[in-house]
Amino acid sequence: MLVYHGSNVAVEIPKILASNRALDFGGGFYVTTNLEQAKTFANNVVNRNEGWGVPTISSYEIDFDKTLRELKVLQFDRPNDLWLDFVHAHRTSQYSGELFDVIVGPVVNDTVYRVFRLFENGDIDREATIRRLKVAELYNQMAFRTERAIAALEFVGLMEGNNG
């Protein structure tokens, strides 16, 4: 399976870096199977860093079946109550549950984030949140949270990520 990481620099050797913001699945090295999403993220990283760097997509190959067999993987196929609680706990730095090597599931992108914020602020309830998210176009993400997990990624190459 081919996966992509969008950034403002080339990342030939993935690393788990501490984040200065709350992420959907906590700290880790994030990739996606969606090239357009990776391009958008690369541009966002450049913008967040006030134009420093160049939007760059690093691509990796992973034997996902082997990863499922050998590592502790948590997979969310769609937004549901468990995913909502899991993401909410990570985004509010309150997660204290089980630790996983790899977490796979929908990403809270800009569109989804608005719905998610309504839920966090108590403006809509859990059922309304899930209902709205089920009809949203959701992209995927994979968070590699341990060195053992990152070792499963094999660097393939780079491409410029600027999509306008």
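Look above for the structure.
Just so it is clear, the structure is predicted and the values come from calculations on it, not from any experiment. (Residues numbered from 1 in each chain as written. Predicted model: local features only at pLDDT ≥ 70, side-chain atom pairs only at ≥ 80, totals over all residues. Heavy atoms only, no water.)

Caption draft 1: The arrangement of helix α1 (residues 35–48) in detail. The end-to-end C-alpha distance of α1 is 20 Å, a good match for the 20 Å that 14 residues give at a rise of 1.5 Å each. Those residues of α1 that fall on the buried side of the exposure criterion are Gln37, Ala38, Lys39, Ala42, Asn43, Val45 and Val46. If you follow the buried residues of α1, they end up packed against β1 (2–7), β3 (56–61) and β6 (140–144). Between the side-chain oxygen at the start of α1 and the backbone nitrogen of Glu36 there is a gap of 3.0 Å, and the oxygen is on Asn34. (Helix = DSSP H or I, 4+ residues; strand = E, 2+ residues; numbered from the N terminus. Expected span 1.5 Å × (residues − 1). Buried < 20%, exposed > 50% of the residue type's maximum accessible area, 1.4 Å probe, protein only. Contact = heavy atoms within 4.5 Å. Polar contact = N/O pair within 3.5 Å; in protein donor to acceptor, adjacent residues only side chain to side chain.)

Caption draft 2: How the structure looks around the sheet that holds strand β2 (residues 29–31). The strand order β2-β6-β5-β4 describes an open sheet built from four strands, whose pairing is mixed. Here the strands that pair on one side only, and so sit at the sheet edges, are β2 and β4 (73–75). Shown here is a sheet whose adjacent strand axes are inclined to one another by a mean of 15°, direction ignored. Taken together, the five bridges between strand β5 (residues 102–106) and β6 define a ladder with antiparallel strand orientation. Paired with Ile103 across the bridge in β6 is Ala143. (Pairing = 2+ DSSP bridges. Axes fitted to C-alpha atoms, helices over the stretch in contact; angles between N-to-C directions.)

Caption draft 3: Up close: the side chain of Asp101. With respect to the helices and strands, Asp101 occurs in the loop between α3 (81–91) and β5. Put simply, Asp101 is tucked away with no salt bridge, and the nearest opposite charge, on Arg148, sits 4.3 Å away. Looking at Asp101, its side chain comes within polar contact range of the side chain of Thr146, at 2.9 Å. (Lys, Arg positive; Asp, Glu negative; His and termini not counted. Salt bridge = Lys/Arg side-chain N within 4 Å of Asp/Glu carboxyl O.)

Caption draft 4: View of the pairing of β6. With respect to burial, β6 is a largely interior element, four of its five residues being buried. Of the pairings in the sheet, the one linking β2 to β6 comprises three bridges and is antiparallel in character. Considered in β6, the bridge of Val31 is made with Met142.

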